[in-house]
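Each chain, letter by letter, is given below.
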Amino acid sequence: MNRLYKYLIPTILVFSLQSCGHEEKKEAKKSAEPSSPDIEAVSPSQADFSSSTAIPGELQPYQKVDVYAKVSSFVKKLYVDVGNEVKAGQLLATLEAPEINSQQSAASSALKSKEALYIASKAKYDRLKETSKTPGTISALDLEQALAAQRSDLAQLEAAKASYREVADVKNYLQIRAPFSGNIAMRNVSAGAYVGPSGKGSDLPMFSLVQQDRLRLVVNVPESYTGLLNKNGDIKFSIQSIPGETFTAKVARFAGALDSKLRSQWVEMDVYNKDKRLLPGMVANVILPLSENNKSLSVPSTAVLNSTLGIFVIKVEKNIAHWIPITAEIANGEVTTIIGNISTNDVIVKNASEEIRDGQNIRVKLLK
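Calculation criteria
- Residues numbered from 1 in each chain as written.
- Predicted model: local features only at pLDDT ≥ 70, side-chain atom pairs only at ≥ 80, totals over all residues.
- Heavy atoms only, no water.
- UniProt positions renumbered as here; feature names shortened; annotations may be inferred.
- Helix = DSSP H or I, 4+ residues; strand = E, 2+ residues; numbered from the N terminus.
- Buried < 20%, exposed > 50% of the residue type's maximum accessible area, 1.4 Å probe, protein only.
- Contact = heavy atoms within 4.5 Å.
- Areas by Shrake-Rupley, 256 points an atom, 1.4 Å probe, with all protein chains shown as cover.
- Polar contact = N/O pair within 3.5 Å; in protein donor to acceptor, adjacent residues only side chain to side chain.
- Pairing = 2+ DSSP bridges.
- Phe/Tyr/Trp six-rings, centres within 6.5 Å; stacked < 30°, edge-to-face > 60°.
- Lys NZ or Arg CZ within 6 Å of the ring centre and 35° of its normal.
- Salt bridge = Lys/Arg side-chain N within 4 Å of Asp/Glu carboxyl O.
- Expected span 1.5 Å × (residues − 1).
- Axes fitted to C-alpha atoms, helices over the stretch in contact; angles between N-to-C directions.
- Parallel < 35°, antiparallel > 145°, perpendicular 65-115°, else oblique.
- Left-handed = near helix turned anticlockwise from the far one by under 90°.

Taking an unreviewed UniProt entry as the reference, the protein is identified by name as Efflux RND transporter periplasmic adaptor subunit belonging to Chryseobacterium ginsengisoli. Under the heading Sequence similarities (unreviewed entry), UniProt records this for the protein: "Belongs to the membrane fusion protein (MFP) (TC 8.A.1) family."

Next up, the structure:
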């Protein structure tokens, strides 16, 4: 027994010393660990928030027309070419159609014939009417027949005049004139070419005329922005081929309905292009101003947490994290407007993350 105590007591002393050593190391390691850093937090702001979004648009001519020949004919002479600026009513080309001249001659002869017949029948009726004033000289039936003949000849004369005017109008179509002021964007014919209405002599138009001093900027505004579009004032846009400059357009017309495929609304803006630097067909980068909701608060975009459960901000109250559901509206760079159960006096986590759980105990550092 004395021998057992002799060996057992030293062993117990060794294990006790080793245990004390481990405890001291654990305490030293625990004291060496740094405390968890404070999480950055901010308060929502209700300062002025100007927002805009950039969407593509296209410049189109305010007016554009493809000029065809009204009647089948040949080009006699051209007076304009591609790039020429023309005024409304200006002569662009003259055509010739010999058969129209023959039709006009025939209509003129028929008109003169009907006019002679009417003059004769009117003179006959006038004489009979004057003679009938003497009782018993002219019967009432003869007078009525003369009056009917005069009216018939008058009707035929009016028909001959209408036929002559019709041929004259057709002949006027041999002069091609500009329907409005603009620029000749395309010419597809030369002198001597056979032209006519689309599909009946010409597959391509004689000319394409565009109005260049006034343009339409057309934009398909997405559905999410249709309710926020600023419908008053001017907007700015830029052109890739003219870097470093911005241009102004005036919002003018709204389609009033969404496109069933694109889910967007067609919006037109007027662009006055007096110096004609802008060309129809150019692609524009439209800076679309969006109206502000006065009830919205602005927070850093990083404070908005998009999770599978919804959209939240993490509100901190008495060092406890609370996930508050919100509606995110307009994002403008680093700032986003939100609507929810949040006030300017609340403290929210600046960099929201799902690692910060709802109800978790955290320490925050409020940034100014």
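Considering the overall build of the protein
Looking only at helices and strands, the protein features four helices and 22 strands. Out of the 368 residues in the protein, the part that is buried amounts to 31%. Residue pairs at least 24 apart in sequence account for 75% of intrachain contacts in the protein once pairs closer than 6 positions are excluded. Accessible surface, the protein as shown: approximately 23,100 Å² in total, 52% of it carbon and sulfur.

Overview of the side chain of S121
On the secondary structure map, S121 appears in helix α2 (residues 98–131). Discounting residues that sit within four places of it in the chain, S121 has contacts with A149, Q150 and D153.

Topic: the side chain of Q265
Summarising the element assignment, Q265 is placed in strand β14 (residues 264–272). Overall, Q265 belongs to the buried group, its relative accessible area being 11%. Of the polar contacts made by the side chain of Q265, one reaches the backbone nitrogen of G256; its length is 3.0 Å.

What about the sheet that holds strand β7 (residues 175–177)?
Spatially, four strands are ordered β7-β6-β4-β9 in an open sheet, and the strand pairing comes out antiparallel. Two strands close off the open sheet at either side, each with one partner strand: β7 and β9 (194–195). When strand β4 (residues 73–78) meets strand β6 (residues 91–96), the two strands line up antiparallel, connected through four bridges. What sits directly across from K77, in β6, is T94.

Examining the packing of aromatic side chains
According to the stated counting rule, one finds three aromatic pairs in the structure shown. Both rings, one in F312 and one in W323, keep their centres 5.3 Å apart while their planes meet at 50 degrees; by these two values the pair is tilted. Taken together, the residues F312 in strand β18 (residues 310–317) and W323 in strand β19 (residues 320–332) connect sequence positions 11 residues apart. Take F312 and W323: they sit in the same class, and that class is buried. The side chain of K70 reaches across the aromatic face of Y173, ending 5.8 Å from its centre. One residue, R214, lies across the ring of Y62, its end atom 3.9 Å from the ring centre.

A short note on the pairing of strand β8 (residues 182–187)
Inspection of the sheet shows strand β5 (residues 85–86) paired to β8 by two bridges, in the antiparallel sense. Counted as the bridge partner of E85 is N183 from β8. Pairing analysis gives four bridges linking β8 to strand β10 (residues 207–210), with the strands arranged antiparallel. Bridge assignment links M186 to a residue of β10, and that residue is S208.

Considering the sheet that holds β10
Working definition: the strands of a sheet are paired by backbone hydrogen bonds and lie parallel or antiparallel to each other. With antiparallel pairing, four strands are arranged side by side in an open sheet as β3-β10-β8-β5. Looking at strand neighbours, the two that pair on one side only are β3 (64–67) and β5, the edges of this open sheet.

Description of the UniProt feature "coiled-coil region" (unreviewed entry) in the protein
The feature "coiled-coil region" (unreviewed entry), as annotated in UniProt, sits at residues 140–167 in this numbering. Secondary structure within residues 140–167 divides into 100% helix and 0% strand; the distance between the first and last C-alpha atoms comes to 41 Å.

Let's talk about the pattern of salt bridges
Counted under the stated rule, the structure contains 13 salt bridges. The closest approach of N and O atoms between R216 and E268, which form a salt bridge, is 2.7 Å. Highlighted residues: R216 in strand β11 (residues 214–222) and E268 in strand β14, separated in sequence by 52 residues. Like E268, R216 is buried. Between K315 and D346 there is a salt bridge, with its nearest N and O atoms 3.6 Å apart. On the criterion of sequence distance, the pair formed by K315 in strand β18 and D346 in the loop between β20 (335–340) and β21 (348–349) is long-range, its members being 31 residues apart. Side by side, K315 and D346 carry an identical accessibility label, which is buried.

What to know about α2
Its 34 residues place the ends of α2 50 Å apart at the C-alpha level, agreeing with the 50 Å of an ideal helix rising 1.5 Å per residue. The complete set of buried residues in α2 reads I100, Q104, A107, L111, Y118, S121, Y125 and L128. Buried residues along α2 sit against α3 (140–172).

Section: the packing of α2 against α3
For the pair α2 and α3, interaxial distance at closest approach is 8 Å and the crossing angle is 160 degrees. One element, α2, and the other, α3, form an angle in the roughly antiparallel class. The crossing of α2 and α3 is left-handed.

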